[in-house]
Structures are given as C-alpha cells and as structure tokens.
Amino acid sequence: MARDEGGDIGAFLSGFVIGGLVGAAVALVLAPQSGEETRQIISERGIELRDRGQVSLETSRARISETTTQVRDRAAGISEQARSRAVAARDAGTASLNSSTERAKTVIATGSEKAKETLKKVTRRKPADDSAAT
C-alpha cells in the first residue's frame with residue numbers, strides 16, 4: 001500500500017516537472033518578446049514552478065504523516081484487541097483447568113470412599129464365609 005502511494009507521488013512530481021520544462025521550451029520557441037523579456041518570463045515561471053513544487057511536496061508530506069499516524073493508531077488498536085483476546089483465552093483456559101481439577105478431585109474422593117466402603121464390605125464377609133466353611 002505504501003509503495004503505491006509513493007509511486008503515485010513520484011509519478012505526479014515527475015509529470016509536474018516534465019510538464020513545466022515542456023511548457024518553458026514551448027514558450028521560448030513561440031515567444032514574440034525580446035530575449036530580455038523572455039528571460040524575465042522564464043525566471044518568473046521557474047520561481048512559480050518551484051513554489052508549486054514546494055507546496056505539492058509539503059501537501060504530500062502532510063498526507064504521508066497523516067496516513068502514518070492513522071496506520072500506527074490502527075495497529076495499536078489491533079494489538080490491544082489481540083492482547084485482550086489472549087488474556088481472555090488464558091483466563092478461560094485457567095478457569096476450565098481449575099474446574100476440571102476440582103471435578104477430578106471430587107471423582108477421586110468419591111472413588112476412594114467407594115473403594116473404602118467396598119473393602120470394608122469385603123473384609124466383613126470374609127469372616128462369615130470362613131465360619132460357614134467350618
């Protein structure tokens with residue numbers, strides 16, 4: 001994008017300068033004035049052309065500066081959005097991990113209690129089974 005703008009500005013300025021030179025050459029060839037008058041006109045046109053070029057250059061610089069500022073602001077906004085989304089994703093991941101950890105602890109605790117109860121039942125039955133066998 002910056003390349004296209006730079007190319008457009010360069011094309012404009014080179015066209016501007018070439019047009020000014022062609023105009024000056026045509027003025028010299030077709031000038032009905034004396035040499036002194038022609039030199040005066042060329043000098044005035046040269047100064048006018050230089051002033052127009054400076055105004056055009058300053059306008060281009062101002063546009064480039066404005067565009068650069070807009071791009072920086074937009075990049076900062078995008079960067080801030082990305083940062084916010086990354087923080088939100090991290091927080092959601094942490095919350096999900098904590099929730100899963102708590103569920104796993106609950107399942108382990110429940111499983112442990114069930115295993116203890118089953119072990120108690122099995123150990124209680126064993127003596128009863130031994131007396132029946134005797």
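Everything below is about the structure shown above.
Throughout this description, residue numbers start from 1 for each chain and increase along the sequence as written. This being a predicted model, a pLDDT of at least 70 is required before a residue's local features are given, and a value of 80 or more before pairs of side-chain atoms are given or counted; all residues contribute to the totals for chains, interfaces and linings. Where side-chain values are given, they derive from all heavy atoms of the structure, hydrogens and water being excluded.

Undergrad: Got a minute to help me understand the layout of surface pockets in this structure?
TA: Using a probe with the size of a water molecule, rolled over the atoms, empty space left in the structure can be pinpointed. As a volume, the largest pocket reaches approximately 270 Å³. Note on conventions: DSSP H or I runs of at least 4 residues are helices, E runs of at least 2 residues are strands, and numbering of each starts at the N terminus. Here the element with the most residues in the lining of the largest pocket is helix α2 (residues 35-133); it accounts for seven residues. Note on definitions: the grid is 1 Å and covers protein atoms alone; a cavity is a set of points where a 1.4 Å probe fits but cannot get out; a pocket is an open set with protein on both sides within 12 Å along at least five of seven lines; lining residues have an atom within 4 Å of a point. Grid points are joined across faces, edges and corners, and a volume is the space filled by probe spheres set on the points.

Undergrad: Before we go on, may I ask you to explain the packing of aromatic side chains in this structure?
TA: Aromatic ring pairs: the centre-centre distance and the angle between the two ring planes describe each pair. The rule is short: rings of Phe, Tyr and Trp, with Trp giving its six-membered ring, pair when the centres are within 6.5 Å, and they are stacked under 30 degrees, edge-to-face over 60, tilted in between. One pass over the structure, following the stated rule, counts one aromatic pair. When the centroid spacing of 6.0 Å and the interplanar angle of 25° are considered together, the rings of F12 and F16 count as stacked. Here the residue F12 and the residue F16 both occupy positions in helix α1 (residues 2-30), the gap between them amounting to four residues, near one helical turn. Residue class for F12 comes out partly exposed when judged on its relative accessible area of 45%. For the exposure calls, accessible area comes from a 1.4 Å probe over protein chains only, and a residue counts as buried if that area is under 20% of its type's maximum, exposed if over 50%, partly exposed in between.

Undergrad: Where do I start with a positive patch on the surface in this structure?
TA: Patch construction takes residues with relative accessible area above 30% that form no salt bridge. Like charges are linked within 9 Å, and nonpolar side chains (Val, Leu, Ile, Met, Phe, Trp, Tyr) are linked within 5 Å. All accessibility values rest on the Shrake-Rupley procedure with a 1.4 Å probe; residue burial counts only the protein chains present in the view. Salt bridge, as applied in this entry: a Lys or Arg side-chain nitrogen positioned within 4 Å of an Asp or Glu carboxyl oxygen. Here Asp and Glu are counted as negative and Lys and Arg as positive; His is not counted, and neither are the chain ends. Charged side chains are reduced to one point each, which is NZ for Lys, CZ for Arg, CG for Asp and CD for Glu. On the surface, K114, K116, K120, K121 and R124 cluster together to form a positively charged patch. Considering the arrangement of structural elements, one finds K114 in helix α2.

All we've got here are geometric facts, nothing functional implied.
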